[in-house]
Amino acid sequence: MADRVTVIGWDGSPLTAAARSALSAATLVAGAGHHLALPEIPPAAERIRLGSVDLAARRIAGHRGTAVVLADGDPGFFGVVRTLRAPQYGLEVEVVPAVSSVAAAFARAGMPWDDAHVVVAHSRTLRRAVNVCRAHPKVAVLTSPGAGPAELALLLDGVHRTFVICEELGTEREQVTVLTSDKAADHTWRDPNVVIVIGGAAATGTQGGGWLMGHDPGTVRGWGLPSHAYGDDLGTGESAGLRAAQLARLGPRTGDLVWDIGCGAGALAVEAARFGAAVIAVDEDRTACARTEAAARHFGVQIQTVAGRAPHVLERLPEPDVVRVGGGGAAVVTACADRRPERIVTHATTRDEAEAIGAALSDGGYAVECALLQSVELDPGSWTERDRSVVFLLSGHRPAPSP
């Protein structure tokens, strides 16, 4: 029984001596069709077309002989190595890497990529991959059939990005195309391909080289920032204490899409974006949208603003993961609940309003929590009261499905 497998990365360049040596001794070789056509594979070796890596791993574990797996690029980077190392197969894995398809794509584009996010798009993760492209200025997308450049472009509707589409890297049919995202859906693209999605304002941070792969966290520390961080002129629903409590209940994260309805000065929208989430900020006041855009630029985050009155303007927006309702009351909460986000938070200034919102959430199938938040700001010099606010905080979350 095989207890060892050699995984060879292939990037279109000639195989290394180590790779040729491993292949020459192989009695079983697994890979894609173009891998199995390589002349270095011994004629007598059993060949397995690699579809399901789990099935291939079981075949390898049961094989009496020497097994080799061929994979594109670096097989340890979103590749087959993770599956082959699973303990149920009992395989010792040796890797002969090649240049990853992401590294090759950025090389073709002549761009650095230590500041890029890398995501995998397939049918289950396409929407989350698109949200990362909404939230960050440089993203490499490892695509799959049905989740390629055209699908990315369609779901990015309303957000302008530039696509660098690298088809069949390392082969004679390799092609690199640069175009705007609104044009990508008009073409048919060959698999496999990697899409570099760039655009929007670059995050603030050190120039000339960073220290962390991906998004630099920046210089601002903390959330629930005081009102002067956003220009002091914040409404009741944007106070630091309420905002921090709402963020805690929303839990925005990378891959999420947040709706901030009634965005005001953009304080919550900015802080949700700083968690890595994509954010659409909605307000009927175009001045509020402009303030939100200015705050986004100041903090180096990406936010899409939409001017219009809720709930009607919400009909054309993509599906949210979590929603904060800053204004509009029970009617807007009901419209949001109809879109089935995982969580909804809002506030009310009176008990009657809180009861109406709670009923709307409950009728929409959400488990409801309500708290009365009282905040008293003190003067630390005289320890006298400066300001006092009392507000109802309401949140709803969809109950976990029954097993």
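A short tour of the structure in this document, coming up. Here the residue numbering is sequential within each chain, running from 1 through the sequence in written order. Totals for whole chains, interfaces and linings use all residues, but because this is a predicted model, local features are given only for residues with pLDDT of at least 70 and pairs of side-chain atoms are given and counted only at 80 or more. Working from all heavy atoms in the structure, the side-chain values ignore hydrogens and water.

### A look at the sheet that holds strand E17 (residues 384-397)
Item 1. Ordered by their spatial adjacency, seven strands build an open sheet running E13-E12-E11-E14-E15-E17-E16, and the pairing between neighbours is mixed. Each having just a single partner strand, strand E13 (304-307) and strand E16 (367-379) make up the two edges of the open sheet. Sheet twist, expressed as the average angle between the axes of neighbouring strands with direction ignored, equals 20°. Two strands qualify as a pair provided that DSSP identifies no fewer than 2 bridges between them. Numbered from the N terminus, helices here are DSSP runs of H or I no shorter than four residues, and strands are runs of E no shorter than two. The convention used is that axes are lines fitted to C-alpha atoms, helices contributing only their stretch in contact, and that angles between N-to-C directions extend from 0 to 180 degrees.

### Considerations on the environment of Pro 399
Item 1. Tracing the backbone shows Pro 399 in the segment after E17.
Item 2. For Pro 399, a relative accessible area of 48% puts it in the partly exposed group.
Item 3. Sequence separation between Pro 399 and Tyr 366 is 33 residues; the distance between their C-alpha atoms is 6.7 Å.
Item 4. When neighbours within four sequence positions are excluded, Pro 399 is seen to be in contact with Gly 365 and Ala 367. Three exposure classes are used, based on accessible area relative to the maximum for each residue type with a 1.4 Å probe and protein chains only: buried under 20%, partly exposed in between, and exposed over 50%. Residue contacts follow a heavy-atom distance rule, with two residues in contact if any of their heavy atoms lie within 4.5 Å.

### Brief notes about the packing of helix H10 (residues 267-274) against helix H11 (residues 286-299)
Item 1. Relative orientation of the contacting elements H10 and H11 amounts to 35°, with a least axis distance of 9 Å. In this structure, H10 meets H11 at a crossing whose hand is right-handed. Note on element contacts: H11 touches H10 through Thr 292, Ala 295, Ala 296 and Phe 299, opposite Ala 269, Val 270 and Arg 274.
Item 2. Throughout, the ten residues Ala, Val, Leu, Ile, Met, Phe, Trp, Tyr, Cys and Pro are labelled nonpolar, Asp, Glu, Lys and Arg are labelled charged, and all others, Gly among them, are labelled polar. The class makeup of the residues in the contact of H10 with H11 is five nonpolar, one polar and one charged. Note: crossing handedness is left-handed where the near helix turns anticlockwise from the far helix by less than a right angle, and right-handed where it turns clockwise.

### What about unusual backbone geometry?
Item 1. The linkage connecting Asp 191 with the following residue, Pro 192, adopts the cis geometry, with an omega of -5°.
Item 2. Secondary-structure assignment places Pro 192 in the loop between helix H8 (181-184) and strand E10 (193-198).
Item 3. Note that the residue after Ala 310, namely Pro 311, is joined by a cis bond; omega there is 10°.
Item 4. By the secondary structure assignment, Pro 311 is in the loop between E13 and strand E14 (322-325).
Item 5. The residue Phe 78 is not glycine, and still its phi comes out positive at about 55°.
Item 6. Examined against the element boundaries, Phe 78 turns out to sit in the loop between strand E4 (67-72) and helix H4 (81-84).
Item 7. Note on Phe 78: relative accessible area 52%, which makes it exposed.

### Digging into the pattern of salt bridges
Item 1. A side-chain nitrogen of Lys or Arg and a carboxyl oxygen of Asp or Glu constitute a salt bridge if their distance falls within 4 Å. On inspection of all chains with the given rule, the structure shows 19 salt bridges.
Item 2. Its salt-bridge partner being Glu 94, residue Arg 4 comes within 2.8 Å of it at the nearest N-O pair. With Arg 4 in strand E1 (residues 4-10) and Glu 94 in strand E5 (residues 92-96), this pair connects stretches of sequence that are 90 residues apart.
Item 3. Of the residues examined, Arg 4 reaches a relative accessible area of 35% and is grouped as partly exposed.
Item 4. A salt bridge links Asp 260 to Arg 324, with the shortest nitrogen-to-oxygen separation between them at 2.7 Å.

### Quick look at the sheet that holds strand E2 (residues 28-31)
Item 1. The strand order across the open sheet formed by five strands is E3-E2-E4-E1-E5, and the pairing between neighbours is parallel. Each end of this open sheet is capped by a strand with a single partner; those strands are strand E3 (46-49) and E5. Within the sheet, the average angular offset between the axes of one strand and its neighbour, ignoring direction, is 20°.
Item 2. Where E1 lies against E4, six bridges are found, and the strand directions are parallel.

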